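# Examination of the molecular architecture
Each chain is listed here by its residues.
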Amino acid sequence: MEFEPKILGFLCNWCSYAGADLAGVSRIQYPPNLRVIRVMCSGRVDPVFVLDALMKGLDGVLVLGCHLGDCHYIDGNYEAESKYRALEMLLENINLNDRINLDWVSASEGMRFADLVDEFTEKIKSLGPSPISSSTKDLKLLDELQAIKRVFSNSRIRSLIGRERKITLLENTYGETIDFEKFNKILKDALDSEFYRSQIYLSLLKKSASVKDISQEINIDKTLVFKNLLMLRQRGLADVAGVDGLDPIYKAL
Amino acid sequence: MTELRIGVFVCNCGSNIGSIINCSELADYAKNLPNVVFAEDNLYTCSETGLTKIKNGIKEHNLNRVVVAACTPRTHEPLFRGICNEMGLNPYYFEFVNIREQCSWVHQKEIHKANLKARDLVKMGVARSARLEALEKYQVEVTSSSLVIGGGISGITAALSLAEQGFEVYLVEKKRKLGGMLNDLYRISPNYEDPSEYLQLVKKVEQQPKIILHTNSEIISIEGYIGNFYVTIKGQNKVESVEVGTIIVAVGAQVLKPVDYYNYNGKDIITHQELEKLLKENKINQKNIVMIQCVGSRIEERHYCSNICCMNALKNAIIIKERAPDTNITILYRDINTPGTKNELYYRDVRKNEVIFLRYNVNKPPVIEDGKIRVYNNSLKDDIELDYDLVVLSTPLIPNEDNKALSQMLKVPLEENGFFLEAHVKLRPVDFATDGLFVCGSAKWPVSISEAIAQAKATAAKAAIILCKPRFEVEGSTARVDTEKCVGCEVCIKICPYGAITKDDNDQVLVRNVLCKGCGLCGATCPHQAISINHFTNPQILSQINALVERE
């Protein structure tokens, strides 16, 4: 039987949902794989929702908002874009970035809506079922997603993303404007290190372990594990539990 | 907690849904979903019969949540919410599932898969409805007076219209004199009316007791929300605070001074606005006059067409021709924009009137050098040389410099050029997205006087809808802050497009419900996940995702 992906769509009330309605009124036919959640603005879509959907095994997530500059809420879709870009950065690390998509559809673009759904469905079909939902459930990937979800619940990361436009377009607390490239680099570094920490923490939650064990378990360099373990200790999330030979054993707190 | 009793009503919409989706099967499916105590399908749920069935369902089965699977909430949600309200059920306990526009109409060739999709959608709707919360709409007291910013033709018209309906109007003009650009014009196209006919309205304004005039004044701050705006007006000698229910922005625009174009010098190379002044003073006696269109408009840094310059140049050409038929007038143009029932005929008349029209190429624009104008002609593939005694440049209307400051005070957007941006180009052309604020005239795009008057009257009508009632109702689906989780980091305050989030005297973050539009931006952004968005809460959205992946 042909693979029929289940795709979740977040549509904003004013443009993309209206565009989807127009596709209906115009009887434009498109694949029946999309399930829609209506939100008022694409800026409402917390990356945590998208991660939740991926963790539950949905094959793809589509977020559609108003065209940039046309947002019903002035600039909500720019914020949606900031959030999406950050999410994409980390999903790229685990090769799931192709399963999400953000695009823009106006209320008058029924055809464009149908085309976007068509393209995205085709893409997901070519990728095959989500590794989470298939019979050989990819538990490692699920752990990584769990770690990414922790990253996007982290207040430091959320506040960095939430301040992006202010910092890059206006100025930060010290009156400096950071250019976009530089901000992206800072964000990427912050996301990556927070991702390591989340992975280390979640791994320790399952089982106390040495730096070497953790490094093997989550497949990151020992120095990186050690550096980030220190950070977790500082935050009071991990500590030494004992010693195995010469290696300290760490536990999650 | 009261037991959940969900009722599901599936609409066949005649054959619109029924011919693709098996609605009675879908209703049977819904009966087995958690907390559903009643489900049925109807021919037309929005008909009198259908609505009665919902009412009976609520009564007989003691329903406390209603789910309708039918068309789109964008058109029919208010109707079904109203029915719930009528039956004593909080309207926010109603949930809409779209199985027509987004299912039966778009999957007509894949009936089986469409039916599976409809089931998923109903399952998601039922799951969401179980987590819906009762909300109240907010009532706002309305001050029945209005502020009109700008005393040009738009502002005057709006102010008079409101005053004549009995509302008090504060009319604020930054210059000494009312009338705006009308004061600079000699005649108005296309009927050569004398602007003083329109300036009669200024006298009417001055005699209108309901209009409180502030000339030589500017707005220095605007606080508040629909029904209750607090505005500070700075005049020459005093600062005054007024309270108004609505605000109309009618600030107009200004003529671009073409300092960098065509050796403009204000003497023999001038703008049309300066030409009007010379016409008024009867100082035009030059033999060779060349007009250049689209100077500083429809170019890379200013994409737009200024809308009024073609008609204006045609009018001025005819006026000069009638006074001195020997004058040689050449109009160098890119395209001539004369839409409307009469304007195109008018343009043809002007062409017949020995006014020469030469098209120029934007990539090889005319050059003024040594007292001559050279213009490249596409048909001749060569330059044409013209003598001139006077060059008149058609420069566009550009936004006022203080638009930015005003837009920040009002918290409304400007478009890329700096004009004010309306809520919707077609459906809400004179509204801002923020309630109680309106815009008309050249403040949002260069318009002719007739358009400016039409728009001004539209804003007055829209403002009157609010002003004529003592109270205004605003949506209950707003953001709310969990004070336990909030650390006061202020990310939400900076991100809110409407300035709806503030800190109170105790440094506690709070949402001003009447300003909040419920977009949910703050909720998705809050670093500590301390903000929840009424009617689109995290549990509600996550329940929809959950329902979708659940296996039966």
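Residues numbered from 1 in each chain as written. Chains lettered and ligands numbered in written order. Predicted model: local features only at pLDDT ≥ 70, side-chain atom pairs only at ≥ 80, totals over all residues. Heavy atoms only, no water.

The helix and strand inventory of chain A stands at 9 helices and 7 strands. For the C-alpha atoms alone, the extent of chain A along its principal axes is close to 70 × 60 × 25 Å. Looking at chain A as a whole, 57% of its 253 residues are labelled buried. The contacts in chain A between residues at least 6 apart in sequence include a share of 72% that link residues at least 24 apart. Surface accessibility of chain A: about 10800 Å² in total, with carbon and sulfur atoms responsible for 51%. Charge separation in chain A, taken as the distance between the mean sites of 33 positive and 36 negative side-chain charges, equals 6 Å. (Helix = DSSP H or I, 4+ residues; strand = E, 2+ residues; numbered from the N terminus. Buried < 20%, exposed > 50% of the residue type's maximum accessible area, 1.4 Å probe, protein only. Contact = heavy atoms within 4.5 Å. Areas by Shrake-Rupley, 256 points an atom, 1.4 Å probe, with all protein chains shown as cover. Lys, Arg positive; Asp, Glu negative; His and termini not counted. Charge placed at Lys NZ, Arg CZ, Asp CG, Glu CD.)

Turning next to unusual backbone geometry. Most peptide bonds take the trans form, and the phi angle of most residues other than glycine is negative. Residues and elements named next belong to chain B. Of note, the amide linkage connecting S189 to P190 takes the cis form, showing an omega dihedral of -5°. Following the sequence through the fold, P190 ends up in the loop between β7 (168-172) and α7 (195-207). One non-glycine residue, C13, adopts positive backbone phi at about 45°. Looking at where C13 falls in the secondary structure, it is placed in the loop between β1 (6-11) and α1 (23-31). Located in the positive-phi region is E354, a residue other than glycine, with phi close to 60°.

Moving on, we come to the environment of K444 of chain B. All names here are of chain B. As for its placement among the helices and strands, K444 is situated in the loop between β23 (437-439) and α12 (449-467). Residues in contact with K444, not counting those within four places in the same chain, are F419, F420, E422, P429, V439 and Q455. Polar contacts involving the side chain of K444 include one to the main-chain carbonyl oxygen of P429, which spans 2.6 Å. (Polar contact = N/O pair within 3.5 Å; in protein donor to acceptor, adjacent residues only side chain to side chain.)

On to the state of the cysteines. All names here are of chain B. Applying the stated rule across the entire model yields 1 disulfide over all chains. Cysteine C84 is unpaired, with the sulfur of C71 as its nearest cysteine sulfur at 14 Å. Looking at C492, it has no disulfide partner, and the nearest cysteine sulfur is the one in C489, 6.2 Å off. (Disulfide = S-S within 2.5 Å.)

Where like charges cluster on the molecular surface, the negative patch consists of D115, D118, E119 and E122 of chain A. Using a relative accessible area of 54% as the deciding quantity, one classes E119 of chain A as exposed. (Patch = residues over 30% accessible without salt bridge, like charges linked within 9 Å, V, L, I, M, F, W, Y side chains within 5 Å. Salt bridge = Lys/Arg side-chain N within 4 Å of Asp/Glu carboxyl O.)

Attention now goes to the packing of aromatic side chains. Scanning all chains against the criterion turns up 13 aromatic pairs over all chains. Both rings, one in F80 of chain B and one in F96 of chain B, keep their centres 5.7 Å apart while their planes meet at 65°; by these two values the pair is edge-to-face. Taken as a pair, F80 of chain B in helix α3 (residues 73-86) and F96 of chain B in strand β4 (residues 94-98) lie far apart in primary sequence, 16 residues in all. Taken as a pair, F80 of chain B and F96 of chain B share a single burial class, namely buried. Summarising the aromatic geometry, the rings of F94 of chain B and F96 of chain B are spaced 5.6 Å apart at their centres and angled 85° between planes, so their arrangement reads as edge-to-face. One aromatic cluster is present, formed by F80, F94 and F96 of chain B through successive ring pairs. Sitting over the ring of W105 of chain B, R27 of chain A keeps its end group 3.7 Å from the ring centre. (Phe/Tyr/Trp six-rings, centres within 6.5 Å; stacked < 30°, edge-to-face > 60°. Lys NZ or Arg CZ within 6 Å of the ring centre and 35° of its normal.)

Contacts between chain B and chain A engage 54 residues on the former and 54 residues on the latter. Summed over both sides, the interface between chain B and chain A buries roughly 4700 Å², with carbon and sulfur atoms accounting for 59% of that surface. Put simply, E77 of chain B and R38 of chain A hold a salt bridge, and the shortest N to O gap is 3.5 Å. Across the contact surface, chain B and chain A share 24 residue pairs in polar contact (both at pLDDT 80 or more). For the side of chain B that touches chain A, the secondary structure elements donating two or more residues are α3, α4 (100-104), α5 (111-130), α13 (491-495), α14 (521-525) and α15 (538-549) of chain B. A total of 8 residues in the side of chain B that touches chain A trace back to one element, the largest contributor, which is α15 of chain B. (Buried area = accessible area lost by both parts, 1.4 Å probe.)

All right, on to the pairing of strand β12 (residues 246-249) of chain B then. A regular strand places its side chains on the two faces of the sheet in alternate fashion. Residues and elements named next belong to chain B. A two-sided burial pattern is seen for β12, the buried positions comprising T246 and I248 on one face and I247 and V249 on the other. With 4 bridges connecting them, strand β6 (residues 145-149) and β12 associate as parallel partners. From the neighbouring strand, S146 faces β12, where its bridge partner is T246. Pairing geometry for β12 and β23, over 3 bridges, is parallel. Residue pairing in the sheet places I248 in a bridge with F438 of β23. (Pairing = 2+ DSSP bridges.)

Working note: a packed helix pair is described by the angle between its axes plus the distance between those axes. Residue and element names in this part refer to chain A. Where helix α5 (residues 139-151) contacts helix α7 (residues 180-206), the two axes come as close as 8 Å, and the packing angle between them is 120°. The angle between α5 and α7 falls in the class oblique. With respect to the hand of their crossing, α5 and α7 are arranged in right-handed fashion. Between α5 and α7, the residues in contact are D143, E144, Q146, A147, I148, R150 and V151 and L191, E194, F195, S198, Q199, Y201, L202 and K206, respectively. Across the contact of α5 with α7, the residue classes tally to 7 nonpolar, 3 polar and 5 charged. (Axes fitted to C-alpha atoms, helices over the stretch in contact; angles between N-to-C directions. Parallel < 35°, antiparallel > 145°, perpendicular 65-115°, else oblique. Left-handed = near helix turned anticlockwise from the far one by under 90°. Nonpolar A, V, L, I, M, F, W, Y, C, P; charged D, E, K, R; others polar.)

Here we come to the domain arrangement of chain B. Residues and elements named next belong to chain B. Taken as a whole, chain B is organised into domain 1 (6-135), domain 2 (145-253 + 399-472), domain 3 (255-397) and domain 4 (475-534). A straight line from the C-alpha centre of domain 1 to that of domain 4 covers 32 Å. Between domain 1 and domain 4, the contact holds 4 residues from the first and 5 residues from the second. Of the roughly 300 Å² buried between domain 1 and domain 4 on both sides combined, carbon and sulfur atoms contribute 42%. When the area that domain 1 buries against domain 4 is broken down by residue, the three leading residues are Y92, E133 and L135, summing to 92%. (Domains from an automatic or database assignment.)

Okay, the sheet that holds strand β2 (residues 36-42) of chain B next. Consider a sheet: its strands pair through backbone hydrogen bonds, and that pairing is either parallel or antiparallel. Residue and element names in this part refer to chain B. If you walk across this open sheet you meet the 4 strands as β2-β1-β3-β4, and the pairing is parallel. Here the strands that pair on one side only, and so sit at the sheet edges, are β2 and β4. On average, adjacent strands in this sheet sit at an angle of 15° to one another, irrespective of strand direction. Inspection of the sheet shows β1 paired to β2 by 6 bridges, in the parallel sense. Its bridge partner lying in β2, V8 is registered against A39.

Our focus in this paragraph is the side chain of D21 of chain A. Within the secondary structure, D21 of chain A sits in helix α1 (residues 16-25). A distance of 3.2 Å separates polar atoms of two side chains, one belonging to D21 of chain A and the other to Q102 of chain B. Each residue touching D21 of chain A, except ones within four places of it in the same chain, is listed here: T72, R74, N98, E101 and Q102 of chain B.

Attention now goes to helix α10 (residues 343-352) of chain B. All names here are of chain B. For α10, every residue scored as buried is listed here: N343, Y346, Y347 and V350. All buried residues of α10 project into a common sector of 100° when viewed along the axis, lining one side. In α10, the exposed residues that point more than 90 degrees away from the buried face are L345 and K352. Buried positions along α10 lie against α9 (309-323) and β17 (356-359). Phi turns positive, to about 60°, at E354, one or two residues after α10. (Arc of directions from axis to C-beta.)

Residue and element names in this part refer to chain B. Summed over all chains, the structure comprises 52 salt bridges over all chains. Among the salt bridges present, the one from K137 reaches E475, with a minimum N-O distance of 3.5 Å. Placement of K137 in the loop between α5 and β5 (138-141) and of E475 in the loop between β24 (471-474) and β25 (479-481) is noted, with a sequence separation of 338 residues between them. Residue class for K137 comes out partly exposed when judged on its relative accessible area of 38%. By relative accessible area, which is 36% here, E475 ends up partly exposed.

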